[in-house]
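One letter stands for each residue in the lines below.
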Amino acid sequence: MRRISMDGASMGARGLWLSLAWLSASAALGCGRREALPASEDPGAERPAQPAQLAPPAQPEEPAAPLQESRVERDGLSIAFALRPLDRGQQGGGTGPGAAPAAAVAGSDVVAEFTITDASTGAPVRGLTPLGWMSRRAGADGAAAASLSSGAPAARLASGASAASLASGAVDAAPDEAACRGKIKSFMAGLLSVRPEVDMNAYLLWTLNQDNSLSAINPQVALARTQLRSVVSLAGRGVSFVMHPDRESLYVTLRGGHGLAVVDTRRGLVRTNVPVGQDPSRVVVAPDGRTVWVGNDGDGTVSVIDARSTDVLKTLPVGPGHHEIAFTGGGRAAWITSQQGESVAVVDGETLEPLGEIAVGEGVVSIAASDEAGVVHAANAARGEVVILDIARRAVAGRVALKPGLGALQFDPRGRFSFALNPSANEVAVLDGATGAVAHTLTGLAAPDAVTFTGAFAYIRNRGAARVSLVDRSALGGPAAPPLVDIAVGQGPPLAAAAPPGPAALATPIAPLPEGNGALVASPADKALYVYVEGMMAPIGTLPSYGREPRSILVEDRSLKEVRPGVYATTVRLGEGGLYDVELLLDRPRTGVCLEATVAPARCAPGDGEADASGCGGDPVKDIAIAPLFEPDLRLAAGEPATLRFRATAGEGGPPLDALDAEDIEVMVVRFPAGYRFRGAPRAEGDGTFSVAFTPPAPGQYRFLAAVPGRGAPVGALPFVPLRVSARGAGAQGGGAR
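Residues numbered from 1 in each chain as written. Predicted model: local features only at pLDDT ≥ 70, side-chain atom pairs only at ≥ 80, totals over all residues. Heavy atoms only, no water.

Side note on the confidence of the model for the protein
- Mean pLDDT for the protein: 79, with 74% of residues reaching 70 or above.
- Scored below 50 in pLDDT, residues 732-738 makes 23 contacts in the model with residues more than four places away or belonging to other chains. (pLDDT = per-residue confidence, 0-100. Contact = heavy atoms within 4.5 Å.)

A look at the state of the cysteines
- Summed over the entire model, instances satisfying the criterion amount to one disulfide.
- Note on cysteine connectivity: C180 is disulfide-linked to C594, with sulfurs 2.1 Å apart. Linking C180 and C594, the disulfide has an S-S dihedral of approximately 100° and is accordingly described as right-handed. Remark: C594 occurs in strand β42 (residues 591-599) and C180 occurs in helix α5 (residues 177-189); sequence separation between them is 414 residues.
- Of the residues examined, C594 reaches a relative accessible area of 0% and is grouped as buried. (Disulfide = S-S within 2.5 Å. Helix = DSSP H or I, 4+ residues; strand = E, 2+ residues; numbered from the N terminus. Buried < 20%, exposed > 50% of the residue type's maximum accessible area, 1.4 Å probe, protein only.)

Thoughts on the packing of aromatic side chains
- Enumeration over the complete set of coordinates arrives at eight aromatic pairs.
- When the ring of F81 is compared with that of F114, the centres are 4.8 Å apart and the planes differ by 45°; the resulting orientation is tilted. You can see F81 sitting in strand β3 (residues 77-85) and its partner F114 sitting in strand β4 (residues 109-118), a full 33 residues away along the chain.
- Through a chain of ring-to-ring contacts, three or more aromatic side chains come together here, namely F646, F690 and F704.
- The ring of F720 has R703 sitting right over it, with the charged end atom 3.9 Å from the ring centre. (Phe/Tyr/Trp six-rings, centres within 6.5 Å; stacked < 30°, edge-to-face > 60°. Lys NZ or Arg CZ within 6 Å of the ring centre and 35° of its normal.)

Looking at the sheet that holds strand β15 (residues 291-296)
- Across the sheet, which stays open at both edges, the four strands sit in the order β14-β15-β16-β17 with antiparallel pairing between neighbours. Among the strands making up the open sheet, the edge pair consists of β14 (280-285) and β17 (312-317). Sheet twist, expressed as the mean angle between neighbouring strand axes with direction ignored, is 20°.
- Relative to strand β16 (residues 301-306), β15 runs antiparallel, the two being bridged by six bridges. (Pairing = 2+ DSSP bridges. Axes fitted to C-alpha atoms, helices over the stretch in contact; angles between N-to-C directions.)

Focus on the side chain of T291
- Within the secondary structure, T291 is located in strand β15.
- Reaching out from T291, the side chain makes a polar contact with the side chain of W293 at a distance of 2.9 Å.
- Ignoring anything within four residues of it in the chain, the contact list for T291 reads V284, V285, A286, V304, I305, A307 and L313. (Polar contact = N/O pair within 3.5 Å; in protein donor to acceptor, adjacent residues only side chain to side chain.)

A closer look at the environment of A488
- Within the fold, A488 resides in strand β33 (residues 484-488).
- Classification of A488 as partly exposed rests on a relative accessible area of 48%.
- Remark: the alpha-carbon pair of A488 and A466, spanning 22 residues in sequence, is separated by 6.0 Å.
- Those residues within four positions of A488 in sequence are excluded, and the remaining contacts are A466, R467 and P539.

In structure tokens, the structure reads:
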């Protein structure tokens, strides 16, 4: 089995087929004529303020004013590019007459947005799959960007000639058609040596591992030694995890009384640990993204958490045993099972008040809902039956007798058929959601325990064999059971790996590719991820999991999406200040164009101007000092939690930085000289004081590092503080606060 190296068969953000198609059609690529747009000019198409809203506001707001705009025309298309703030409060700048325009600041998160319209009619061009990048122009030392922050019109800086003259010739000229084509081809190849500063096509693979960690793997970059972006250390072993729709947070339930970990996907660290009930297991996000629901198997409750504040809104008593949760009506009602209870509880998704209980019998292990069919299906493992619940009447509508040993249950994306997996009987029953009857029985499987869907197929994981079985979804409506297509995946069956904590149905070992034409399969026995593209007889390659056993997998897709007709956007983090080329590749027509954008240097302190600009006060790193509030060479105990406090000040002996937020600071604890690495989000305690909770896993020498990237102090720029960790019970000092 060959590995994906990105030099031959590129796994670009839009898939293998797109990469090969565009590389072979490179002659069609070119760069269009650049035209500057005033910041207030509307090219004709409505633009959103951001790619997605968790919950639409009651009254739609005006789109946020652009930080930058530029435009090209090519092949009958008008293409406008804009950088916009994530929200209106981030726009900066003044609002009155003569106020300086807002600037796109280095290191900030913004919305990168392309508006593509017909050049003659102004009609939006829909249904494209664009690829986009931003590359800092050679010689762009930030001079032009600094001029922007001091009040230069955005329209003037959007022009290549104007920006170059502002830089006194230091910035290279804009790329011609051949250079633009070459840059796009090199970015498509995925080579580390020619990576752009901003990639608008990125997606990451997040794996929940057998140990106390999450891994973030970039499958698109051909790194020389590793494609591992980061490892997030958790306070306890993870049970299940889910990603928020905004892709900014992962929620992981933890064993050992550590509650729910909230992981910042951008920074790759645990933002906070939320105390919930005993033995949290299943975690789901409500369809509107406002709340997170955690089933606490140890005390018969479900914790409902505010997704933004991470406050526990309510703890619902629902019955003993393992809990599964499904939503109907777009989240208006939550249906909650209790394996050792007799009923399914129905809860109002907004008021969190109970709507009733439906007696179904003890032993329900999974639940799935279909608004299209108007039913909820609940699988009873002990009785070997699926209970059909009517959504409107909140009552039992029927029972389907199957075989004992049922496990995972899930509806297909259309809500027409539910798949009831039975690992004990080595079969899957496909139920018609409209009639409640068994439409098909799929046999010849080996302990099927998980199912995932793409547009064309259902993917069934065989826990007892090193293979995945595909079911053609288009054949489910016919009288005969569709044949299984078995794809060999890996060398060892999943059951050869260590048993995961909690019910086996909690695992999500298969994730659809963002292109929708294949899947990623986690193999804990092989300690690898396999990439399969539909139509192939075997996976096209593997990605290593770097010695860890991946039990579940999620895809964080940050590629360009059509958020409104003809408007394609995504959230990106900008690089350092300077003049950038913006490369765009379209599939219809086959067109490559280059635009421009200017990024202002990061502010070194509130109100103090920009880095590298006059009046900033020098190197921003010198204006920040981290003073530990624990003794030097502090001794901690392995396995025992400690609170490490520190103060951020304006230079050595300076006043506390009260304006600094906890989100601005990153904390890392590493075992020296190599090995364990912990990243945590600090908590503000006032007066410039912050704290972070840390539990050392083993004895040894550690180093405490703090960083303030937004102030020019990345990890390693500030001095570290040594920590000594002794074996538990060896008389180590605890706490950490002076």
